[in-house]
Amino acid sequence: MARTWILAGVLWLVVGVTRAGAGESTAAEPAPESASRGPFAAVRTVAYLPFKGIVCVVGAVASFPAYWLSGMDPHVKADTEAVRAQYCSRDYLLGSDWPR
């Protein structure tokens, strides 16, 4: 029973963060080129990979209930597929920088 409450709390937190982030303006900022080419780029890639993998898996798992609860809305499906394509792409997972 406790696991169910923990899972419900985590999902509620994800929904809250998603809704809060949707209200923010998303201005495109130029990425610093020097950070991705430094001598520690390979070290950062290896260090970030497990965390970026978790972001990918959690995003894929958390997006299905949103799609299912929306009544299988095609717009929600397109949005969740776009987010999944961005955060599960090879460029994102194997990149040495972590865009915010």
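For the structure, check the block above.
**Re the overall build of the chain**
And step 1. Along the chain, the regular secondary structure elements total four helices and zero strands.
And step 2. Secondary structure of the chain in N-to-C order comes out as α-α-α-α.
And step 3. Within the chain, the proportion of its 100 residues that are buried is 11%.
And step 4. Restricting to contacts in the chain with at least 6 residues of sequence separation, those with at least 24 account for 66%.
And step 5. Of the accessible surface of the chain, which amounts to about 8,200 Å², a share of 68% is contributed by carbon and sulfur atoms.

**Focus on the packing of aromatic side chains**
And step 1. By the definition in use, this model includes two aromatic pairs.
And step 2. Relative to Trp98, the ring of Tyr48 has its centre 5.2 Å away and its plane inclined at 65 degrees; by these criteria the two rings are edge-to-face. Note that Tyr48 is positioned in helix 2 (residues 41–69) and Trp98 in the segment after helix 4 (90–93), a separation of 50 residues in sequence.
And step 3. When its relative accessible area of 25% is taken as the criterion, Tyr48 is described as partly exposed.
And step 4. Centre to centre, the rings of Tyr87 and Tyr92 are 5.1 Å apart; their planes meet at 85 degrees, and the pair counts as edge-to-face.

**Details of the state of the cysteines**
And step 1. Inspection of every chain in the model, using the stated rule, returns one disulfide.
And step 2. Here Cys56 engages in a disulfide with Cys88; their sulfurs sit 1.9 Å apart. Here Cys56 and Cys88 share a disulfide; its torsion about the S-S bond, 110 degrees, makes the bridge right-handed. With Cys56 in helix 2 and Cys88 in the loop between helix 3 (74–87) and helix 4, this pair connects stretches of sequence that are 32 residues apart.
And step 3. Overall, Cys56 belongs to the buried group, its relative accessible area being 14%.
And step 4. Among the residues examined, Cys88 registers a relative accessible area of 27% and is labelled partly exposed.

What counts and how
- Residues numbered from 1 in each chain as written.
- Predicted model: local features only at pLDDT ≥ 70, side-chain atom pairs only at ≥ 80, totals over all residues.
- Heavy atoms only, no water.
- Helix = DSSP H or I, 4+ residues; strand = E, 2+ residues; numbered from the N terminus.
- Buried < 20%, exposed > 50% of the residue type's maximum accessible area, 1.4 Å probe, protein only.
- Contact = heavy atoms within 4.5 Å.
- Areas by Shrake-Rupley, 256 points an atom, 1.4 Å probe, with all protein chains shown as cover.
- Phe/Tyr/Trp six-rings, centres within 6.5 Å; stacked < 30°, edge-to-face > 60°.
- Disulfide = S-S within 2.5 Å.

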